[in-house]
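Per-entry structural report
Chain by chain, the residues:
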Number of protein chains: 4
Amino acid sequence: GQPLLLIGGPCALESEEIARTVAEKMQEICNRLGISYIFKASFDKANRTSLSSYRGPGLEKGLMILASIRESMQLPVISDVHDASQVKAAAEVLDIIQIPAFLCRQTDLLTEAARTGKVVNVKKGQFVSPWDMKNVVDKLRGVGGRKIMLVERGASFGYNNLVVDMRSLPIMRSLGCPVVFDATHSVQLPGGAGGSSGGQREFIEPLARAATAAGIDGLFMEIHPDPRKALCDGANSIALDDVEEVLKRIIKIRTALA
Amino acid sequence: GQPLLLIGGPCALESEEIARTVAEKMQEICNRLGISYIFKASFDKANRTSLSSYRGPGLEKGLMILASIRESMQLPVISDVHDASQVKAAAEVLDIIQIPAFLCRQTDLLTEAARTGKVVNVKKGQFVSPWDMKNVVDKLRGVGGRKIMLVERGASFGYNNLVVDMRSLPIMRSLGCPVVFDATHSVQLPGGAGGSSGGQREFIEPLARAATAAGIDGLFMEIHPDPRKALCDGANSIALDDVEEVLKRIIKIRTALA
Amino acid sequence: GQPLLLIGGPCALESEEIARTVAEKMQEICNRLGISYIFKASFDKANRTSLSSYRGPGLEKGLMILASIRESMQLPVISDVHDASQVKAAAEVLDIIQIPAFLCRQTDLLTEAARTGKVVNVKKGQFVSPWDMKNVVDKLRGVGGRKIMLVERGASFGYNNLVVDMRSLPIMRSLGCPVVFDATHSVQLPGGAGGSSGGQREFIEPLARAATAAGIDGLFMEIHPDPRKALCDGANSIALDDVEEVLKRIIKIRTALA
Amino acid sequence: GQPLLLIGGPCALESEEIARTVAEKMQEICNRLGISYIFKASFDKANRTSLSSYRGPGLEKGLMILASIRESMQLPVISDVHDASQVKAAAEVLDIIQIPAFLCRQTDLLTEAARTGKVVNVKKGQFVSPWDMKNVVDKLRGVGGRKIMLVERGASFGYNNLVVDMRSLPIMRSLGCPVVFDATHSVQLPGGAGGSSGGQREFIEPLARAATAAGIDGLFMEIHPDPRKALCDGANSIALDDVEEVLKRIIKIRTALA
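Numbers given to residues run from 1 along each chain, matching the order in which its sequence is written. Each chain gets a letter, beginning with A, and each ligand a number, beginning with 1, in the order they are written. Given that the model is predicted, a residue must reach a pLDDT of at least 70 before its local features are reported, and side-chain atom pairs must reach 80 or more before they are shown or counted; all residues, however, enter totals for whole chains, interfaces and linings. The basis for the side-chain values is all heavy atoms of the structure; hydrogens and waters are excluded.

1. Focus: the overall build of chain A
- A count of helical and extended segments in chain A gives eight helices and 13 strands.
- Throughout, the radius of gyration refers to the C-alpha atoms, and the reference size of a globule is 2.2 Å times the residue count to the power 0.38. Relative to the globule expectation of 18 Å for 258 residues, the C-alpha radius of gyration of chain A, 17 Å, shows essentially globular dimensions.
- The principal-axis extents of the C-alpha atoms in chain A amount to approximately 40 × 40 × 40 Å.
- Partly exposed describes any residue whose relative accessible area lies between the buried limit of under 20% and the exposed limit of over 50%, with all areas from a 1.4 Å probe on protein chains only and scaled to the type maximum. Within the span of chain A, comprising 258 residues, buried residues form 67% of the whole.
- Intrachain contacts of chain A at a sequence separation of at least 6 include 69% that bridge at least 24 residues. Per the convention used, a helix needs a DSSP run of H or I reaching at least four residues, while a strand needs a run of E reaching at least two, with both numbered from the N terminus. Any two residues whose heavy atoms approach within 4.5 Å are treated as being in contact.

See below:
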C-alpha cells in the first residue's frame, strides 16, 4: 500500500526557528519510519476564541517562511486559507491548500482553492455528517478539482466536547478521496477553558491508533517543541519529543494490517 | 416592556417583487400587532449545500434592492456578510449586519462589522455553547462594538439534525445582549435531503412559542409567498399567509407574561 | 380545554410529615389556580448514583404513606415501580403507575403496569427518540393498556448533560396520549457532581414556560420544602415556596393560548 | 500481555442447535488464534423494541441450554439478567453475569450480581459518561464485588444513532477493570427500523479494529450462522463465517502493539 502521510507542525507559525526545529526533526523521523511528511503551520488563525489570542505572522510573512522551509528542506508544505482573496497567493507557495472545518461549506473558498489545481484538504466541519462531505467533494469536482483530501477532526457532542466517530473514516474514503485523521484537533475541548479551547493530550495516541486501525491514508498532528509555551492550541498539541514513539506504534499497526 | 422584534423575509433575494410582497405584508401585519419589523433577505448565500443551489443576486445588486425597500418603505433592513471585504459596502445600506452561524468565530468578519458602528446580529454556531458566545461578544466589544444581538438557531444533535436548547436563551441574555430566536433555521435538517438541507415546517410554531415563553427579545423567520417555490430554504420557510396567525399567538404569550 | 395537570412532590418519600407539607400546600395552590394536582413521591429510588444515596422507605412503608395521603386528602397519587414484582402492590394504592426513564423499554414492567388497568405514565428514556415512544405505547396497548401518559425529561446531549427537544412534545402528543413535561429532571446534570447528579434549578421556569407554550397536558416537578436539605435530587428540585409564582405564569401562558 | 477475551454468540438463545453450532466453531477458531472464548447468549431479551419481538426461551430453559453447553464443551458462559430475582439462578450456571446497558444504574441488580462472587460484566449505558462508570464500579465494590468488567457499546448521538467514543476505553480502564468493546451493539441504529432496531454491519470490523488499537481487554460480538434469519439483532450481528477473518486482523493489531 501507500506510505502513511503525516501532516504535522506547529499550530501557528510563531518563528521561523520553531518551524524549522519541528520540520527538521519530523523530516528525519519520517524518513526513518517510511512516512511521507508534509510540514503544516498556519500563517493566520482567523477564528481564535479571543481577540487577544495569537494569530500568526499573517499571509505575506507566513508564506515567506513556508516558502523558505519548502525550498531549503525540499519539503511539501500545507497551510489554511480563510478567505477566497488569500487563495491565489497561498497557491503560489503551498503544495496543499487546507480549508478549515468551520469554513468547509463556504462555496467561494472551496471553488477558488480547487481552481488552483493544487491538492485541497478539507476538514470536515464539527457540524457536518461524514456522508454530507459528498456535497463538499462535489463542489470541488464541479469546478475541476481532482486532488481532494478529507479530514476527520471530531464532531460536536453536546457542548464543549467533540467525539470522533470512527465510522466517518470508511464513509469518507468511499467518496474516493484519501482520508486524514486529525489526532490533535480531535482532542480539543472547544471553548472548554474560558477564553480559549482546552485539550486532552492524553487521548492523541489512542485516537490516532484507533483511526489507523480503522483505516486512514494520513495523520494530522499539531506538534510543538514545548506545547506548554505554544502560542496556539498548546493544550492539544503533541510534544516534538513524543511524536516518534507514537508514530512507531502507528506504523506497527499499519504494517500489521498491510 | 419592549415591543417584540421580528426579523423576517425571504431566505435569498429572488426578485425585488417577491421581496416587496413580503415586506409590505409583514410591515402591515407588524404595525397592526405592535411588532418592530426588520426586513431580512440575503444577497448571497455563500454556503449552500451544492454548487447548483441558487445563491442570490450578489452584493451590489442585492444591496440595491435592499436600499430601495429600505427607503421607499421606511423599513430597517438586515442582511448577512460572509467576508470582511463585504462589510463596508453592506454597512452603507443595512441597519443591522448579520454574521452567519458557521462564521461566528471568524475574528476579522466580526471586528470589521463591529467597527462600522452598526448593530451586529450574530447567529450562534451550531457547534458553539451558549456561554461561549461571551467570547464572540468580547471580540465585538473589544473593537468598540456596542450594539450586539445574539441568535439561537439550533445546536448540532447527532447527524443531520439540530436541537434547540431553550436554556441558551436566558444564558445568552445574561451576556447583556438582546436575544433573537431563529424559528425557521432551527427546524432545518442540515444536509438531510441529499443535495440540500431539509426542514420541518410543522415545528416552527411550537418552537417559536416555546422560545417566546422562555424569554426572547426578537424572532427571526424566513418567510416566502410560496415556500414550495422558494429558491432557498423552502422546506423550513413559513408561508407568508401563515405568519399572522402564528404571530398573534406569539403576542398573546408575550402579553400574558408582560 | 382541559385543566393543566400537575404531578408534583418530593423526589423520594423522606417522612410523612414532609410529604404532607408538600401535598397540602400544593393542593391548596392548585385548587386556587384551577390545576389538577397529583401527589408524587418515590418509595424507592432504585437507580441512585451511589450506594450511599438515600433510597426511600421501601415499597411497603412507602405505599402506606401514599395511601394515607391519598385517603385523608382525597388526592390522587403517583409513584414509580422498578420491577414487575412491585406492580401489583403498587396498583392497589396508586392512581397512576410511573415507569422510570431508564426502564421505559423493559417489556415486563410495561405490560405488568398496563394490565392493572391503572393509568401508566412512562418517562421517555434519555436515549429514546420521541417517535420511538410509539413502540412503548404499542407495548402497553398490546396488553390492553388504554390510559397512557408520556413524559419528556430531556435527551442525552454529550456527557453529563441533557437537552429538552421541544419538538418531542407535539410528536408524542400525536401518538394520542397526554404529554407531561418533567421540568425538574430535565435540568439534571446526570452524574455531573461526582457521586451524585447535579442540577440547574434556574432553568426550571424557562423550560416549563417553553413547554407550556409549545403545548402540553401536564407538568411534573419535584418540589421540596427545602431543596438544600432534600435527600434526593435537591439540586434540581424547586422550593415549595417558589412553585406558586411559577405556576401562575404557566397558567397565564395556558390561558393566553386557550 | 493477556490473551484477548472474546465474548460471542447469538443475541438470543434460539435453539440449542444454533447455540452449539456457534459455540463449537468459535471455540475452534479461538483456540487456533490464542483467544480466550466465552460463549454468550441471552435467555430473555427483556427490552426488545416491540411486544411481538422474539424474547428467548426464558430463564429456566435458557440456563439449561447454557449449562449443557458449558459442561459438554468446557466453555465459560455469560448471559444477562434483568431483575434481581433472576440473579441467584443465573449465578448457579454462568461464569459471568452481565448487566444490560439500560440497567447499569439499577442498584439492586448490580449489588445482587456482585454478591454472587461471580464476575460481573456491566455494559455502559448509552446515557452514561465513561468516567461516571466509577459510580457503577463503586456500587459493585461496595458490596464486595471484586471481579468487574466494563463494556463500551456506544453513546447516544442525536436520535436513532450511537457513536463510539474511543476515549472511553482508556478512561474505563483507568478504573482498574478490564474493558470490553461490544462491536456489534455499537453499530445498532436504535429504533432505526420502525418496530425494531437497525444496524450497520459494515462498521463492525473498522470499529473493532479501532478499539483494539486504542487498547482493550476483550471484544464482544453477536454472532449468528445466518444473521438475516436471526430472531434478534440480525442487522447488527456478524455472520459466523466472517468472524475468523476479522479476528485474525484483530490479533495482528494486538500482536503488533504487544
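2. Overview of the relation of the copies chain D and chain B
- Superposing chain D onto chain B requires a rotation of 180 degrees together with a translation of 0.0 Å along the rotation axis, leaving an RMSD of 0.0 Å. Seen this way, the second copy is the image of the first under a two-fold rotation axis. Residue Gly158(D) of chain D places its C-alpha closer to the rotation axis than any other residue of that unit, at 1.9 Å. A least-squares fit on C-alpha atoms brings the copies together, and the residues used are those whose pLDDT is at least 70 in both copies.

3. Some thoughts on the pairing of strand β6 (residues 148-152) of chain C
Residue and element names in this part refer to chain C.
- Most of β6 sits out of view: five of its five residues are buried.
- Burial of β6 is two-sided: the residues Ile148, Leu150 and Glu152 facing one way and the residues Met149 and Val151 facing the other way are all buried.
- Two strands form a pair only when DSSP identifies at least two bridges running between them. When strand β5 (residues 119-123) meets β6, the two strands line up parallel, connected through four bridges. Across the sheet, Asn121 pairs through a bridge with Met149, a residue of β6.
- For crossovers, right-handed means that the path from the first strand over the helix to the second runs clockwise, given strands pointing away from the viewer. What joins β5 to β6 is helix α5 (residues 133-142), and the crossover it makes is right-handed.
- Where β6 lies against strand β9 (residues 179-182), three bridges are found, and the strand directions are parallel. Bridge pairing links Leu150 to Val179 in β9.

4. Examining the pairing of strand β1 (residues 5-9) of chain C
Residues and elements named next belong to chain C.
- By the criterion of burial, β1 is predominantly enclosed, with four of the five residues buried.
- Sheet analysis places β1 next to strand β2 (residues 36-40), joined by four bridges and oriented parallel. Bridge pairing links Leu5 to Ser36 in β2.
- For the segment spanning β1, helix α1 (residues 16-33) and β2, crossover handedness is right-handed.
- Examined bridge by bridge, β1 and strand β12 (residues 218-224) share five bridges and lie parallel to one another. What sits directly across from Gly9, in β12, is Glu222.

5. Digging into the interface of chain D and chain B
- Taken together, the contact pairs four residues of chain D with four residues of chain B.
- By convention, the term buried area covers the 1.4 Å-probe accessible surface removed from two parts as they join, with the contributions of both added. Contact with chain B buries area across many residues of chain D, yet Phe157(D), Gly158(D) and Tyr159(D) alone supply 87% of it, more than any other trio.
- Salt bridges are defined by distance alone: a side-chain nitrogen of Lys or Arg within 4 Å of a carboxyl oxygen of Asp or Glu. For the pair chain D and chain B, the interface holds zero salt bridges.
- Polar contact is the term for a pair of N or O atoms within 3.5 Å; when the atoms are in protein, one must be able to donate a hydrogen and the other to accept it, and sequence-neighboring residues count only if both atoms are side-chain atoms. One can count zero residue pairs in polar contact (both at pLDDT 80 or more) joining chain D with chain B.

6. Points about the interface of chain C and chain D
- Across the boundary between the two partners, chain C contributes 38 residues, which contact 38 residues of chain D.
- A combined buried area of about 3200 Å² lies between chain C and chain D, and 49% of that area is made up of carbon and sulfur atoms.
- Here chain C is connected to chain D by two salt bridges.
- In this structure, Asp108(C) engages Arg55(D) in a salt bridge whose closest nitrogen and oxygen atoms are separated by 2.7 Å.
- Our enumeration of links across chain C and chain D arrives at 12 residue pairs in polar contact (both at pLDDT 80 or more).

7. Some remarks on the state of the cysteines
Residue and element names in this part refer to chain D.
- Our working definition of a disulfide is a cysteine sulfur pair at a distance within 2.5 Å. Enumeration over the complete set of coordinates arrives at four disulfides over all chains.
- Across the disulfide from Cys11 sits Cys232; the S-S distance is 2.1 Å. With Cys11 in the loop between β1 (5-9) and α1 (16-33) and Cys232 in the loop between β12 (218-224) and β13 (238-239), the pair connects residues that are 221 residues apart, well separated along the chain. You'll find Cys11 and Cys232 in the same group, each marked buried.
- Counting only cysteine sulfurs, Cys177 is the nearest neighbor of Cys104, a cysteine outside any disulfide, at a range of 13 Å.
- For Cys177, a relative accessible area of 5% translates into the label buried.

8. Thoughts on the pattern of salt bridges
All names here are of chain C.
- Going through the model one piece at a time under the given rule, you end up with 72 salt bridges over all chains.
- Note that Glu205 is salt-bridged to Arg249, the shortest N-O span being 2.5 Å. Pair noted here: Glu205 is in helix α7 (residues 204-214) and Arg249 is in helix α8 (residues 240-257), with a separation of 44 residues, a long-range link.
- Its relative accessible area of 27% is what places Arg249 among the partly exposed residues.

9. Some remarks on unusual backbone geometry
- Of note in the backbone geometry, Asn160(A) takes a positive phi value of approximately 55 degrees without being a glycine.
- Mapped onto the elements of the fold, Asn160(A) is located in the loop between β7 (155-156) and β8 (162-163).
- Even without being glycine, Gln74(C) reaches a positive phi, approximately 55 degrees.
- On the basis of relative accessibility, which here comes to 66%, the residue Gln74(C) falls in the exposed class.

10. A short note on the packing of aromatic side chains
- Stacked, tilted and edge-to-face pairs are distinguished by plane angle, under 30 degrees for stacked and over 60 for edge-to-face with tilted covering the rest, among Phe, Tyr and Trp rings (Trp via its six-membered ring) whose centres lie within 6.5 Å. Under the defined criterion, the tally for this structure stands at 16 aromatic pairs over all chains.
- Seen from their ring centres, Tyr159(A) and Trp131(B) are 5.0 Å apart, and the 75 degrees between their planes marks the pair as edge-to-face. Of the two residues, Tyr159(A) sits in the loop between β7 and β8 while Trp131(B) sits in the loop between β5 (119-123) and α5 (133-142), which places them in two different chains.
- Of the residues examined, Tyr159(A) reaches a relative accessible area of 11% and is grouped as buried.

11. Describing the relation of the copies chain C and chain D
- Overlay of chain C on chain D (RMSD 0.0 Å): rotation 180 degrees, translation along the axis 0.0 Å.
- Of all interface residues in chain C, 100% are interface residues in chain D too; the two copies therefore contact each other through one and the same surface.

12. Things to note about helix α1 (residues 16-33) of chain A
Residue and element names in this part refer to chain A.
- Its 18 residues give α1 an end-to-end C-alpha distance of 25 Å, which sits within 8% of 26 Å, the value for a rise of 1.5 Å per residue.
- Taken together, the buried positions of α1 are occupied by Ala19, Val22, Ala23, Met26, Ile29, Cys30 and Leu33. One face of α1 carries all of its buried residues, which in axial projection span an arc of 140 degrees. Facing away from the buried side of α1 by more than 90 degrees, the exposed set consists of Glu17 and Asn31.
- The secondary structure elements touched by the buried residues of α1 are β1 (5-9), β2 (36-40), α2 (59-73), β12 (218-224) and α8 (240-257).
- Among the residues trailing α1, Gly34 stands out with phi positive, at a value near 75 degrees. By definition here, a helix of n residues has an expected span of 1.5 Å times n minus one. Starting at the helix axis, one direction is taken to each C-beta atom, and the arc is that of these directions.

13. Remarks on empty space enclosed by the protein
- Buriedness of a pocket was judged along seven lines, with at least five required to meet protein on both sides within 12 Å; pockets are open sets of points on a 1 Å grid over the protein atoms alone, cavities are sets where a 1.4 Å probe fits but cannot get out, and lining residues have an atom within 4 Å of a point. Grid points are joined across faces, edges and corners, and a volume is the space filled by probe spheres set on the points. Within this structure, the stated rule accounts for four cavities of 30 Å³ or more.
- When its volume is computed, the largest cavity comes out at roughly 70 Å³.
- Forming the walls of the largest cavity are 14 residues, and the residues nearest its centre are Ser156(A), Gly158(A), Gln126(B), Phe127(B) and Val128(B).
- Three classes are used: nonpolar for Ala, Val, Leu, Ile, Met, Phe, Trp, Tyr, Cys and Pro, charged for Asp, Glu, Lys and Arg, and polar for all others, with Gly counted as polar. When its residues are assigned to classes, the lining of the largest cavity shows seven nonpolar, seven polar and no charged.

14. Section: the environment of Leu109(B)
Residue and element names in this part refer to chain B.
- Within the fold, Leu109 resides in helix α4 (residues 107-115).
- Exposure remark for Leu109: the relative accessible area of 4% places this residue in the buried category.
- The sequence separation of Leu109 and Ala84 amounts to 25 residues, and the corresponding C-alpha distance is 4.7 Å.
- Non-local contacts of Leu109, meaning those with residues more than four positions away in its chain, are made with Val81, His82, Asp83, Ala84, Val87, Ile99 and Leu103.

15. Observations regarding the confidence of the model for chain A
- Looking at chain A, the pLDDT average stands at 96 and 99% of residues meet or exceed 70.
- Among the prediction metrics, the complex's ipTM stands at 0.97, with pTM recorded as 0.97. In predicted models, pLDDT denotes the confidence assigned by the predictor to each residue on a 0 to 100 scale.

16. What to know about the side chain of Arg48(A)
- Locating Arg48(A) in the fold gives a position in the loop between β2 and α2.
- Neither His nor the chain termini are counted; the positive set is Lys and Arg, and the negative set is Asp and Glu. Here Arg48(A) is buried and forms no salt bridge, its nearest opposite-charge partner Asp233(A) lying at an N-O distance of 5.2 Å.
- Among the polar contacts made by the side chain of Arg48(A), one reaches the main-chain carbonyl oxygen of Leu231(A) at a distance of 3.3 Å.
- Once you skip the residues sitting within four places of it in the chain, Arg48(A) turns out to touch Ser53(A), Tyr54(A), Leu231(A), Cys232(A), Asp233(A), Arg105(B), Thr107(B) and Lys139(B).

17. Some thoughts on the side chain of His185(B)
Residues and elements named next belong to chain B.
- Here His185 shows up in the loop between β9 (179-182) and β10 (188-189).
- Overall, His185 belongs to the buried group, its relative accessible area being 5%.
- A distance of 3.1 Å separates polar atoms of two side chains, one belonging to His185 and the other to Asp233.

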